[in-house]
Amino acid sequence: MLLRFVKARGYVHLKILSIEDGAEHKSFNFHLDCDKEPELIELFDEKLLIKQELKILQILNLRNSKLSEISNSEYSSPPRIIFLNQNRIFLTMTNNFVVGWDPQEDDLVSIPFEDHILWGSGDNDFYITRDQDIILSYCRSATRYERPREGNASSINISNTLLLTGHSIAKINATEVSDSDFNNKMDQSSRTGVEDAPEGIIAVYFDEEQNQIFTANKSDSVHVWYN
């Protein structure tokens, strides 16, 4: 389905269209607070997600027109949101924390990812596989309730998104390279040792055919991790 909408004062007019032939499935108005700008209007798995600034997230089930609400303590407006349509879930990345969201029939269940706290906010420091079941990210060490800070050890963290448990399945860092399931090799242009490889990463890529992880860092070094 395709979502088209036009904002007006006090409401937004929405049309749900067929991707195949453009036929209209549904057309309706959704009430908005006149003084608050919309931050999120997305169609996801037959549910409409609408969030206005400083307001709670609202979820409209298009099948039965039931409206659910998620408090700001559970969901705040994220700088990044990634829809994994194959698995019917989506991820949010807010303040370096990754959270998985599973839209149930009339609710939205959140699963914080354990030990998967992003180092930065770039678009190239994480990779999601084609099957959307694995996420690999450049992370730093911190607890769920501790803000990342300088001095935290960095690592490449790998988590399973398919089961949406939030559990880590592997980690690569400088202090545990010898015990890791992954080995490291460097290209000829590399100027740093393996102990520096997980530091200052600016790009992460996973070759799914060869089962190899490529990382590039601020020192213009490229490392390949393989098992």
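Coordinates for the structure precede this section.
What counts and what doesn't
- Residues numbered from 1 in each chain as written.
- Predicted model: local features only at pLDDT ≥ 70, side-chain atom pairs only at ≥ 80, totals over all residues.
- Heavy atoms only, no water.
- Pairing = 2+ DSSP bridges.
- Helix = DSSP H or I, 4+ residues; strand = E, 2+ residues; numbered from the N terminus.
- Axes fitted to C-alpha atoms, helices over the stretch in contact; angles between N-to-C directions.
- Polar contact = N/O pair within 3.5 Å; in protein donor to acceptor, adjacent residues only side chain to side chain.
- Salt bridge = Lys/Arg side-chain N within 4 Å of Asp/Glu carboxyl O.
- Buried < 20%, exposed > 50% of the residue type's maximum accessible area, 1.4 Å probe, protein only.

**Here's the deal with the sheet that holds strand S5 (residues 47–52)**
Taken in spatial order, the four strands line up as S4-S5-S6-S7 in an open sheet, and their pairing is antiparallel. Edge positions in the sheet fall to strand S4 (38–44) and strand S7 (67–70), since each has one partner strand and no second. On average, adjacent strands in this sheet sit at an angle of 15° to one another, irrespective of strand direction. Pairing of strand S6 (residues 57–61) with S7, which is carried by four bridges, proceeds in the antiparallel orientation. Within the sheet, the bridge partner assigned to Gln58 lies in S7 and is Glu69.

**Here's the deal with the side chain of Arg140**
Relative to the assigned elements, Arg140 resides in strand S13 (residues 134–140). For Arg140, the side chain forms a polar contact with the main-chain oxygen of Trp119, separated by 2.6 Å.

**Remarks on the pattern of salt bridges**
The tally for this structure, following the rule as stated, stands at five salt bridges. Note that Arg63 is salt-bridged to Glu46, the shortest N-O span being 2.4 Å. Highlighted residues: Arg63 in the loop between S6 and S7 and Glu46 in the loop between S4 and S5, separated in sequence by 17 residues. A relative accessible area of 64% means that Arg63 is categorised as exposed. With relative accessibility at 29%, the residue Glu46 sits in the partly exposed group. Overlapping salt bridges bring together Arg130, Glu208 and Glu209 as one network.

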